[in-house]
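Each chain, letter by letter, is given below.
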Amino acid sequence: MGRRRAQKNADLSVQDFITPTFSPQKVETGILGLDALLDGGLPYGSVVVLGGKEDIGKTNLALSIVANVVKQGYHALYIDVENRLLYNQSRFTYKRLTEEELKRIEIFPGENAVETVAAHIRARLTTSTNPIKVVVIDSLASLHTRSFRLLRAEMQQGGVGMGAVARAITDELKDLLTYYAHTKQVLFVITTQLRTSLGGGPHMEMYGARYIRHAAATIIRLSPISKPTINFDDPIPPAVTVGGIERPTFQYLNISLEKCQLSPWGVRAGVIARMFLISAPKYGIFLGDYDNIFQLILYGRRRPYAFIERRGDTYKVIPTGTTFTLREAYTNEELRKRIIEECKPHLYQLFKTVFEDAFTQKLESDIIQEESEEDVPLVDTSSEEEEMEQEGL
């Protein structure tokens, strides 16, 4: 039985496991490595959760996704639960959006309970003439907190516990997300905080938030890391002095997939990225940008799948022959775009090859393990056979 099951798994290819169940149309996150893990980006018609500690960059990633959606000509709805309306509007301008693109973003202050937010989302998706393709809720934890505050009096009068209310709140939101994600092909992006459980595993903070995990097709976790080991002659200073205070220029992040329905090897897979904490127009970077040149150098020189090589201060894109220095790549926007477009398919192929190899190795190890389990007898009969031989039977 085990050998037949193993042979059946061996006949399957990687593509049999990663056939998308959503619309083939996707939107890029703005992080090349993450888009490579997601096979081109986040698909419309799905629910995505961005988790991490406070001020780790969840909002920046959500803004980047929204900016890429409106650049495709669609409209976006941003539920600003944390009342950072002006702050978020200024952050959108850093994404180099045109006035027409900025008009496609509707920011709704989520000052009310989840019922009001859900009603507004439902109304915009059913009555709007503009095709809204992405809805961001920033953040789920704050939405729960506001809902509890507004429902506190009703909870005390009815004798209802916080856990029951939290589950009711989240169930209403979960049903809304799953229904409109599939019927309207809308991408829902939800940010929330993560904390470490007693067992050491990450789970959603705030009451009832863990139930969103079942509705989410993808869960992306952001966590800080120390500087990765890389031979990188960075032209951008690691820190700048602003108002007499030295501030870091960027921070390194580990962006990992805790859940991904598009890939069997997506879980626990991750990429290293760095996010800028300041704006430096002369280098072509702005607050919240993700450094894709850094990612190309970090992953593009890895053997044996390298598509970038270095000679002195000059880097070369091997398939196309384009040469550049890091200073040129950061200060020349047209050259930077050209390098990214040339390297993008090779970066995708690198990740695909690496994870196909890892998937194949895991599949082979599973087959060997199942076969070894079959060879081991369920009952040790050696002593019984020896006794029978001694008795002459």
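Structural data are supplied above this passage.
Keep in mind that this is a model prediction, so the values were computed, not measured.

(A) Broad picture of the overall build of the protein. Within the protein, the regular secondary structure consists of 14 helices and 16 strands. In the protein, buried positions account for 49% of the 393 residues. If you take every contact in the protein between residues at least 6 apart in sequence, the share linking residues at least 24 apart comes to 70%. Accessible surface computed for the protein: about 19800 Å², of which carbon and sulfur atoms make up 50%.

(B) Examining the sheet that holds strand E16 (residues 323-324) more closely. Reading across from one edge, E14-E15-E16 is the order of the 3 strands in this open sheet, with antiparallel pairing throughout. Looking at strand neighbours, the two that pair on one side only are strand E14 (308-311) and E16, the edges of this open sheet. Both E14 and strand E15 (residues 314-317) contribute to a ladder of 4 bridges, which runs antiparallel. Bridge pairing links Arg-310 to Tyr-315 in E15.

(C) Structural context of the packing of aromatic side chains. For the structure on display, the rule yields 8 aromatic pairs. Ring centres of Phe-232 and Phe-294 lie 5.7 Å apart, and the angle between their planes is 85°; this geometry places the pair in the edge-to-face category. With Phe-232 in the loop between strand E9 (218-224) and strand E10 (239-242) and Phe-294 in helix H11 (residues 292-300), this residue pair connects regions lying 62 residues apart in the sequence. The same class applies to Phe-232 and to Phe-294, which are both buried. Grouping aromatic residues by their ring pairs yields a cluster made of Phe-232, Phe-250, Tyr-252, Phe-276 and Phe-294. The ring of Tyr-44 has Lys-133 lying over it, and the distance from NZ or CZ to the ring centre is 5.0 Å. Sitting over the ring of Phe-250, Arg-274 keeps its end group 4.1 Å from the ring centre.

(D) Main features of the nonpolar core. Counting 74 residues, the largest nonpolar core has Ile-255 and Leu-296 as the members making the most contacts within it. Residues within four places of Leu-296 in sequence aside, it is in contact with Leu-32, Arg-301, Phe-307, Ile-308, Ile-339, Ile-340, Cys-343 and Leu-347. Counting 27 residues, the second largest nonpolar core, distinct from the first, contains Val-47, Val-117, Ile-137 and Ile-219.

(E) Geometry of the pairing of strand E13 (residues 270-276). For E13, a buried count of 6 out of 7 residues is recorded, marking the element as mostly surrounded by other parts of the structure. Across 7 bridges, strand E12 (residues 250-260) lies against E13 in antiparallel orientation. Looking across to E13, one finds that Ser-256 is bridged to Gly-270.

(F) Expanded view of the pairing of strand E11 (residues 245-248). Here 4 bridges tie E10 to E11, and the two strands are oriented antiparallel to one another. Along E11, the bridge assignment pairs Val-242 with Ile-245. Linking E10 back to E11 in an antiparallel pair, the connection comprises 2 residues, with Gly-243 at a positive phi of about 60°.

(G) The layout of surface pockets, seen in detail. Size it by volume and the largest pocket reaches roughly 840 Å³. Every residue lining the largest pocket is counted, 29 residues in all, and those nearest its centre are Gly-30, Lys-71, Arg-96, Asn-292 and Ile-340. Looking at the lining of the largest pocket, the elements with two or more residues in it are helix H3 (32-37), helix H4 (58-71), H11 and helix H13 (333-375). A per-element tally of the lining of the largest pocket places H13 first, with 6 residues. Among the residues forming the lining of the largest pocket, the class breakdown is 11 nonpolar, 6 polar and 12 charged.

(H) Local environment of helix H7 (residues 114-127). With 14 residues, H7 extends 20 Å from end C-alpha to end C-alpha; this agrees with the ideal 20 Å at 1.5 Å per step. Listed as buried for H7 are Val-114, Val-117, Ala-118, His-120, Ile-121, Arg-124 and Leu-125. All buried residues of H7 project into a common sector of 160° when viewed along the axis, lining one side.

(I) Representation of the environment of Asp-138 within the structure. With respect to the helices and strands, Asp-138 occurs in strand E6 (residues 132-138). By relative accessible area, Asp-138 is classed as buried at 2%. Note: C-alpha distance between Asp-138 and Leu-50 (88 residues apart in sequence) is 9.6 Å. Contact partners of Asp-138, with chain neighbours within four places excluded, come to Thr-59, Tyr-78, Ile-79, Asp-80, Val-81, Glu-82, Arg-84 and Thr-191. Separated by 2.9 Å, the side chains of Asp-138 and Thr-59 make a polar contact.

(J) Spatial organisation of the pattern of salt bridges. The tally for this structure, following the rule as stated, stands at 10 salt bridges. Taking the shortest distance from any N to any O, the salt bridge between Arg-221 and Glu-258 comes out at 3.5 Å. With Arg-221 in strand E9 and Glu-258 in strand E12, the pair connects residues that are 37 residues apart, well separated along the chain. Its relative accessible area of 11% is what places Glu-258 among the buried residues. For the salt bridge of Asp-291 with Arg-274, the shortest nitrogen-to-oxygen distance reads 2.7 Å. Of this pair, Asp-291 sits in the loop between E13 and H11 while Arg-274 sits in strand E13; the two residues are 17 residues apart in sequence, bridging distant segments of the chain. The exposure classification of Asp-291 matches that of Arg-274, with both residues buried. In this structure, a network of salt bridges that share partners links the residues Glu-28, Glu-341 and Lys-344.

Basis of the calculations
- Sequence order sets the numbering: in each chain, residues are counted from 1 along the sequence as written.
- Selection of residues for local features in this predicted model requires a pLDDT of at least 70, selection of side-chain atom pairs for listing and counting requires 80 or more, and totals for whole chains, interfaces and linings are taken over all residues.
- For the side-chain quantities, the full set of heavy atoms in the structure was used; hydrogens and water were omitted.
- Put simply, DSSP H or I for four residues or longer makes a helix, DSSP E for two residues or longer makes a strand, and each gets a number counted from the N terminus.
- Accessibility here uses a 1.4 Å probe with only protein chains present; expressed as a share of the type maximum, an area under 20% marks a residue as buried, one over 50% as exposed, and anything in between as partly exposed.
- Contacts are residue-level and defined by heavy atoms, with any inter-residue pair within 4.5 Å sufficient.
- Exposure was quantified through the Shrake-Rupley algorithm and a 1.4 Å probe, taking into account, for residues, occlusion by the shown protein chains and nothing else.
- Between any two strands, pairing holds if DSSP finds at least two bridges.
- Stacked, edge-to-face and tilted labels apply to pairs of Phe, Tyr and Trp rings (six-membered ring for Trp) whose centres lie within 6.5 Å, assigned for plane angles under 30 degrees, over 60, and everything in between, in that order.
- Working rule: Lys NZ or Arg CZ, within 6 Å of ring centre, within 35 degrees of ring normal, means a charge sits over the ring.
- The set of buried Ala, Val, Leu, Ile, Met, Phe, Trp, Tyr and Cys residues whose side-chain atoms join them within 4.5 Å is what this entry labels a nonpolar core.
- Only protein atoms enter the 1 Å grid used here. Points where a 1.4 Å probe fits but cannot escape make up a cavity, open sets with protein on both sides within 12 Å along at least five of seven lines make up a pocket, and a residue lines them when an atom lies within 4 Å of a point.
- Grid points are joined across faces, edges and corners, and a volume is the space filled by probe spheres set on the points.
- Only Asp, Glu, Lys and Arg are considered charged, only Ala, Val, Leu, Ile, Met, Phe, Trp, Tyr, Cys and Pro nonpolar, and every remaining residue, Gly among them, polar.
- To estimate how far a helix should reach, multiply one less than its number of residues by 1.5 Å.
- By definition, the arc is the one covered by directions from the helix axis to the C-beta atoms.
- Here a polar contact is recorded for every N or O atom pair within 3.5 Å, except that within protein the pair must consist of a potential hydrogen donor and a potential acceptor, and residues adjacent in sequence are included only if both atoms are side-chain atoms.
- Should a side-chain nitrogen of Lys or Arg be within 4 Å of a carboxyl oxygen of Asp or Glu, the pair is scored as a salt bridge.

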